[in-house]
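So the chains spell out like this:
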Amino acid sequence: KAGVTQTPRYLIKTRGQQVTLSCSPISGHRSVSWYQQTPGQGLQFLFEYFSETQRNKGNFPGRFSGRQFSNSRSEMNVSTLELGDSALYLCASSFTHSGSLSGANVLTFGAGSRLTVL
Amino acid sequence: GIQVEQSPPDLILQEGANSTLRCNFSDSVNNLQWFHQNPWGQLINLFYIPSGTKQNGRLSATTVATERYSLLYISSSQTTDSGVYFCAVVIYNQGGKLIFGQGTELSVKP
């Protein structure tokens, strides 16, 4: 079956612009999480959505937002881009939410969207 | 907060050698995964292993939950094993986010 699909794979923006990234989870997966990876901070959790509801949010400013649609596809948006927002943004999906004890919370990651802010 | 520490930070091996990567975590977890990040940035699942031992080909992993550590073993390493290996956990009863270690960068020389 198809994996987690992220679009676009690469994009270049300038400071002050906004960007929207898309993530299509594995079919049947209802949880989508977003992570930011930078050389200085490593991999950091942004937010998690399950059944269209945000379950958890990381320590990022309000410029970072997301949503999930009824088909489980998710988008994240970054407004008023700053140079420090340059990063690899990774999306992961799982059958259930990551707080589950069921063992069905194994995360599978997409290939990422690499954002460069000039 | 929860800490996830990986060691060593860097490792250089000759092809064919064996290695052990370690992950220490500071709280009880209900999810622990090992990932390999390829040169293009994608995180590839290696193991889901909150406890116990699993093997997949030349790779195996052991998590001792009571002692809060996990080990990833790579045997007969190949150049294609090069990359960064991450351990990540979800803290029990604080569900929602996978907390990553800083990674071990492995370089396998031919």
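Each value, and the rule that gives it
- Residues numbered from 1 in each chain as written.
- Chains lettered and ligands numbered in written order.
- Predicted model: local features only at pLDDT ≥ 70, side-chain atom pairs only at ≥ 80, totals over all residues.
- Heavy atoms only, no water.
- Helix = DSSP H or I, 4+ residues; strand = E, 2+ residues; numbered from the N terminus.
- Rg over C-alpha atoms; globule rule 2.2 N^0.38 Å.
- Buried < 20%, exposed > 50% of the residue type's maximum accessible area, 1.4 Å probe, protein only.
- Contact = heavy atoms within 4.5 Å.
- Disulfide = S-S within 2.5 Å.
- Pairing = 2+ DSSP bridges.
- Axes fitted to C-alpha atoms, helices over the stretch in contact; angles between N-to-C directions.
- Buried area = accessible area lost by both parts, 1.4 Å probe.
- Salt bridge = Lys/Arg side-chain N within 4 Å of Asp/Glu carboxyl O.
- Polar contact = N/O pair within 3.5 Å; in protein donor to acceptor, adjacent residues only side chain to side chain.
- Nonpolar A, V, L, I, M, F, W, Y, C, P; charged D, E, K, R; others polar.

Thoughts on the overall build of chain B
Point 1. Counting its secondary structure elements, chain B contains zero helices and 11 strands.
Point 2. In terms of C-alpha radius of gyration, chain B reaches 13 Å, essentially the compact-globule figure of 13 Å for 110 residues.
Point 3. Overall, the C-alpha framework of chain B stretches about 45 × 25 × 20 Å when taken along its three principal axes.
Point 4. Per-residue burial over chain B gives 48% buried out of 110 residues.
Point 5. Long-range pairs, those at least 24 residues apart, make up 55% of the contacts in chain B between residues at least 6 apart in sequence.

Here we look at the state of the cysteines
Between two cysteines, a covalent bond joining their sulfur atoms is known as a disulfide.
Point 1. Counted by the stated rule, this structure contains two disulfides over all chains.
Point 2. The residue that forms a disulfide with Cys23 of chain A is Cys91 of chain A, at a sulfur-sulfur distance of 1.7 Å. The S-S bond linking Cys23 of chain A to Cys91 of chain A shows a torsion near -60 degrees; that makes this disulfide left-handed. Within this pair, whereas Cys23 of chain A is found in strand S3 (residues 19-24), its partner Cys91 of chain A is found in strand S9 (residues 87-94), the two being separated by 68 residues in sequence. Here Cys23 of chain A and Cys91 of chain A have matching classes, each one buried.
Point 3. Between the sulfur of Cys23 of chain B and that of Cys87 of chain B lies a disulfide, 2.0 Å long from S to S. Between Cys23 of chain B and Cys87 of chain B, the S-S torsion sits near -55 degrees, and that sign places the bridge as left-handed. Of this pair, Cys23 of chain B sits in strand S3 (residues 19-25) while Cys87 of chain B is found in strand S9 (residues 83-91), placing the two residues 64 residues apart along the sequence.

Some words on unusual backbone geometry
Most peptide bonds take the trans form, and the phi angle of most residues other than glycine is negative.
Point 1. The linkage connecting Thr7 of chain A with the following residue, Pro8 of chain A, adopts the cis geometry, with an omega of -10 degrees.
Point 2. Take Pro8 of chain A: it is sitting in the loop between strand S1 (5-7) and strand S2 (10-13).
Point 3. Here the bond from Ser7 of chain B into Pro8 of chain B is cis, since omega is -10 degrees, no more than 30 degrees from zero.
Point 4. By the element assignment, Pro8 of chain B lies in the loop between strand S1 (4-7) and strand S2 (10-14).
Point 5. The residue Ser51 of chain A is not glycine, and still its phi comes out positive at about 50 degrees.
Point 6. Here Ser51 of chain A lies in the loop between strand S5 (42-50) and strand S6 (53-57).
Point 7. You can call Ser51 of chain A partly exposed: its relative accessible area is 35%.

Section: the sheet that holds S1 of chain A
Residues and elements named next belong to chain A.
Point 1. Overall, antiparallel pairing links the four strands, which are arranged S1-S3-S8-S7 in an open sheet. A single partner strand is all that each edge strand has here, and the edge strands are S1 and strand S7 (64-68). The sheet shows a mean angle of 15 degrees between the axes of neighbouring strands, direction not considered.

Focus on the interface of chain A and chain B
Point 1. Counting residues at the interface gives 25 residues for chain A, matched by 21 residues for chain B.
Point 2. Summed over both partners, the interface of chain A with chain B comes to about 1800 Å²; 51% of that surface belongs to carbon and sulfur atoms.
Point 3. Across the contact surface, chain A and chain B share zero salt bridges.
Point 4. Summed over the shared surface of chain A and chain B, the number is six residue pairs in polar contact (both at pLDDT 80 or more).
Point 5. Mapped onto the side of chain A that touches chain B, the elements with two or more residues apiece are strand S4 (31-38), S5, S6, S9 and strand S10 (108-109) of chain A.
Point 6. The element contributing the most residues to the side of chain A that touches chain B is S5 of chain A, with four residues.
Point 7. Considered class by class, the residues forming the side of chain A that touches chain B number 10 nonpolar, 11 polar and four charged.

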